[in-house]
Protein chains: 2
Amino acid sequence: MAGISRRGLLGGGAALAATGAAAGIAVGGYALGRESEDAAVDAASDTYPFRGTHQAGIVTPAQDRLHFAAFDVTTDDRQALVDLLVQWTAAAERMTQGLDAGPVGAVDGPYNVPPDDTGEAIGLPAGGLTITFGFGPGLFEKDGVDRFGLADRRPAALRDLPHFPADVLDRNRSGGDLCIQACAQDPQVAVHAIRNLARIGFGTVAVRWSQLGFGRTSSTSTSQETPRNLFGFKDGTANVKAEETAELEEQVWVQPEDDGGDWLAGGSYLVARRTNMTIEVWDRQPLADQEGFIGRTKGTGAPLSGGDEFTEPDFSMPGSNDQPVIPVDSHVAVVHPSAHGGARMLRRGYNFVDGTDDLGGLNAGLFFIAFVRDPDTQFIPVQQAMSRNDTLMEYLKFTGSALFAVPGGVGEGEHVGQALFA
Amino acid sequence: MAGISRRGLLGGGAALAATGAAAGIAVGGYALGRESEDAAVDAASDTYPFRGTHQAGIVTPAQDRLHFAAFDVTTDDRQALVDLLVQWTAAAERMTQGLDAGPVGAVDGPYNVPPDDTGEAIGLPAGGLTITFGFGPGLFEKDGVDRFGLADRRPAALRDLPHFPADVLDRNRSGGDLCIQACAQDPQVAVHAIRNLARIGFGTVAVRWSQLGFGRTSSTSTSQETPRNLFGFKDGTANVKAEETAELEEQVWVQPEDDGGDWLAGGSYLVARRTNMTIEVWDRQPLADQEGFIGRTKGTGAPLSGGDEFTEPDFSMPGSNDQPVIPVDSHVAVVHPSAHGGARMLRRGYNFVDGTDDLGGLNAGLFFIAFVRDPDTQFIPVQQAMSRNDTLMEYLKFTGSALFAVPGGVGEGEHVGQALFA
């Protein structure tokens, strides 16, 4: 962690403390790691260790802002790809600690070469930045070609997601050989991270698509309040939380005995779905209808069967007209774990507004991100059930889709995904 | 200011205090208003009065986040337009005070009608929200038709900006009959404001384009640090600041004797220019070249002739090869007030990243906003000089463009733009 602080804000003490914490975490098993201890802390000056048992940015308390990018690998040279992962690891570790992307820095010269940091984050604190890397199916095989000798390492679940009803996918917002999720309290910090990693990757990768999110739509810690999506409802109430350590092992972390567990253990699958909401139509629905679509009250987020936000829904409680008070086609009824063999997700999505659509409305919605141990049992059936039965679908349109395998944490001296390339 | 607080955070006392401040400001002449007193305050719980001598959101200390929207008016009914301005005024005032957009609120029913607030800002503080309205040329005359009987009220300067070199304008990101600039510390608060105003306008206006900005690129108060744009440089060092009261009258506020001063006095012109930066190419330029393009050092922002950020550039100081140390084709040399008869702007732009371009890069840049008393003397000549002489132009591409007249402040009992429709 040598080098010049980009910020002038981080003293050596803080940097050393962070390094120490990172070193400490690396010796754990599949335990939760430092993130749970930090759940209540989300100050702009926060730093999370880059190295650890799991990659940061999954159970880390969900930061407010996102910049997500998917990349195509533009080389067939395995060593060039590995070299990039080594460089990305070094730069990502530096930036998460509030340092410039490279050891020279943005502004101190030498003057006859491009700086190794782009400079727009000078003066900004680390901002709770986490950087999380994932590998798409195309890294293992693309158009029938095994470019990097990885085809036999591909877990069966790591393949393009099937077509779902209401998928009107933009190819330029879907897929990708690699992904990087940057989350921070300050969007400029997240953008700076993606931009510098893309800069470092020039010639080896090209940005395929990228997405900014401005408001987190899930909590990943019981210490966080449940935020609201652009339907105006609390979202992610039933999320798997960092404090549920047994559930994390069951639902989120790939285990050594799982398919691909030889390199993916301690990792997870990241499902990304760009979900447009027709908010203008939604906004003209009566409050009772909105609550019926969701199956929860808009104010407190309590299920329509009563209680508070975290009360379990009672799907058998009768309502009017001999129908359950929670409609059977409501979102909560359709996606509830009880309808899917107990399957849950760790969701980490963000609200987005990307200008306007062609109809005089906002191009707005939810950039859905979920981490699951097995997309075949925890995501695909839930999405299919939504497509078939969920009245909310009338207000949703999926415009982007991707699946990535997120390798486990990066140990000291290692690079991201080292076990895959070993 | 009756009604239910959307947030449960604002007590009656805070709301009363803000209202009192607004009432106090309304009796001033063309003095600065409350904003200058608040220059140092930018907490998330901040509220700025909506009513006053000038519209808020101009000299107000620049907030961190932007949502800007331009609208087409879809009716020919003058009264419908006035009614909308009345409704917008009421909703904007409420939201800037941390309240729901309407008096009923998002979640408390009645259940058989759509709520008068969309709900996604529940629990969020006012966030320093300002909402600023502007009128485009199309409001006065469109395709030769004087839809609203306003044609003879149009100041000569309020017309489509001329075509500039490097303009590759997207029609869907340009123009508009009306605009709303929403600035806040929290993007969800800014998005909520635009979304609810668009909702209220349904049937009378349609969103033509909208733009999110994540990082302010100018300071509007001497108490704010100069932020950085995506070139990594400090931006807006020479901005007109709220504390320069005489300069505001000279450079920003339309005066009663100006063209259109009968309704526009105390207002300003808002120039919007969506400026794409080819950051991937920029990032490969040596530091010395980057500094030469800008004419300032990347670290401190000092002019290349020396001193600190706020030292006046010395354009005659010799450098090497008998050339000035500040290149004559550097950005600071080309746009400096000394080259434009002393013309300055109050800039209030934001960084943006809107996904990717077609070349494997980020669709990124600066959403330039400037407020000027007269675009014909303070903006157009400066943009033309940039086009002709500025080496920075190699890294810029203008993809959106619009000009609006921003009427003066809204007094008690008035609606936005009342003097225009009187």
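The rules behind these values
- Residues numbered from 1 in each chain as written.
- Chains lettered and ligands numbered in written order.
- Predicted model: local features only at pLDDT ≥ 70, side-chain atom pairs only at ≥ 80, totals over all residues.
- Heavy atoms only, no water.
- Contact = heavy atoms within 4.5 Å.
- Buried area = accessible area lost by both parts, 1.4 Å probe.
- Salt bridge = Lys/Arg side-chain N within 4 Å of Asp/Glu carboxyl O.
- Polar contact = N/O pair within 3.5 Å; in protein donor to acceptor, adjacent residues only side chain to side chain.
- Helix = DSSP H or I, 4+ residues; strand = E, 2+ residues; numbered from the N terminus.
- Buried < 20%, exposed > 50% of the residue type's maximum accessible area, 1.4 Å probe, protein only.
- Least-squares fit on C-alpha atoms with pLDDT ≥ 70 in both.
- Axes fitted to C-alpha atoms, helices over the stretch in contact; angles between N-to-C directions.
- Parallel < 35°, antiparallel > 145°, perpendicular 65-115°, else oblique.
- Left-handed = near helix turned anticlockwise from the far one by under 90°.
- Domains from an automatic or database assignment.
- Nonpolar A, V, L, I, M, F, W, Y, C, P; charged D, E, K, R; others polar.
- UniProt positions renumbered as here; feature names shortened; annotations may be inferred.

Remarks on the interface of chain A and chain B
With 55 residues of chain A at the contact, the number on the chain B side is 55 residues. Each partner contributes to the roughly 4300 Å² buried at the junction of chain A and chain B, and carbon and sulfur atoms together form 63% of this total. For the chain A face of the interface with chain B, the top three residues by lost area are A:Arg195, A:Asp283 and A:Leu287, together amounting to 14%. On the surface where chain A and chain B come into contact, there are four salt bridges. Where chain A touches chain B, the interface holds 18 residue pairs in polar contact (both at pLDDT 80 or more).

Observations concerning the environment of B:Pro155
Residue and element names in this part refer to chain B. Along the chain, the position of Pro-155 falls in the loop between strand E2 (130-135) and strand E3 (178-184). Under the relative-accessibility criterion, Pro-155 is labelled buried at 0%. Separated by 116 residues in the primary sequence, Pro-155 and Val-271 place their C-alpha atoms 15 Å from one another. If we ignore the near neighbours within four places in the chain, the residues touching Pro-155 are Asp-259, Gly-260, Trp-263, Leu-264 and Tyr-269.

Quick look at the relation of the copies chain A and chain B
Once chain A has been moved 0.0 Å along the axis and rotated by 180°, it coincides with chain B to within an RMSD of 0.0 Å. Between the two chains, the operation in question is that of a two-fold axis. Using C-alpha coordinates, one finds that chain A approaches the rotation axis most closely at A:Asp354, a distance of 3.4 Å. Looking at chain A, 100% of its interface residues are interface residues in chain B too, so the copies touch through the same face.

Focus on the packing of helix H2 (residues 78-96) of chain B against helix H3 (residues 187-200) of chain B
All names here are of chain B. At their nearest, the axes of H2 and H3 sit 10 Å apart, and the two run at 155° to each other. Taken together, the axes of H2 and H3 lie roughly antiparallel to each other. Considering how the two elements wind past one another, H2 and H3 form a crossing that is right-handed. In contact with Leu-84, Gln-87, Trp-88, Ala-91, Ala-92 and Met-95 of H2, H3 contributes His-192, Ala-193, Asn-196, Leu-197 and Ile-200.

Regarding the domain arrangement of chain A
All names here are of chain A. Segmentation of chain A into domains returns domain 1 (1-9 + 17-30 + 56-138 + 176-216) and domain 2 (223-413). Here domain 1 and domain 2 have C-alpha centroids that lie 27 Å from each other. The interface of domain 1 with domain 2 comprises 34 residues on the first partner and 36 residues on the second. Carbon and sulfur atoms make up 64% of the surface buried where domain 1 meets domain 2, a total of about 2800 Å² over both sides. Connecting domain 1 to domain 2 are zero salt bridges. The tally of links between domain 1 and domain 2 comes to twelve residue pairs in polar contact (both at pLDDT 80 or more). Secondary-structure elements contributing two or more residues to the side of domain 1 that touches domain 2 are helix H1 (12-25), strand E1 (65-73), strand E2 (130-135), strand E3 (178-184), strand E4 (205-213) and strand E5 (215-216). A per-class count over the side of domain 1 that touches domain 2 returns 19 nonpolar, twelve polar and three charged.

Regarding helix H7 (residues 287-294) of chain A
All names here are of chain A. Most of H7 is tucked away: six of the eight residues are buried. Taken together, the buried positions of H7 are Leu-287, Gln-290, Glu-291, Gly-292, Phe-293 and Ile-294. On its buried face, H7 sits against helix H6 (279-282) and helix H8 (331-335). Of the residues trailing H7, Gly-295 is marked for its positive phi of about 90°.

What to know about the UniProt feature "domain: Dyp-type peroxidase N-terminal" (unreviewed entry) in chain A
UniProt records the feature "domain: Dyp-type peroxidase N-terminal" (unreviewed entry) for residues 55-214 of chain A in the present numbering. Segment residues 55-214 of chain A splits into 21% helix and 19% strand. End C-alpha atoms: 22 Å apart.

Structural notes on the UniProt feature "domain: Dyp-type peroxidase C-terminal" (unreviewed entry) in chain A
The sites that carry the UniProt feature "domain: Dyp-type peroxidase C-terminal" (unreviewed entry) are, in the present numbering, residues 226-410 of chain A. For residues 226-410 of chain A, the end-to-end C-alpha separation is 30 Å, with 23% helix and 22% strand making up the annotated structure.

Details of the pattern of salt bridges
Note on pairing: side chains with opposite charge can pair once their charged atoms come close. Inspection of every chain in the model, using the stated rule, returns 40 salt bridges over all chains. With its nearest N and O atoms 2.8 Å apart, the salt bridge here joins B:Asp283 to A:Arg195. Separated into two different chains, B:Asp283 in the loop between helix H6 (279-282) and helix H7 (287-294) and A:Arg195 in helix H3 (residues 187-200) make up a pair that spans both. As far as the burial class goes, B:Asp283 and A:Arg195 line up, both buried. One salt bridge in this structure joins B:Arg195 and B:Glu120, with 2.9 Å as the shortest N-O distance.

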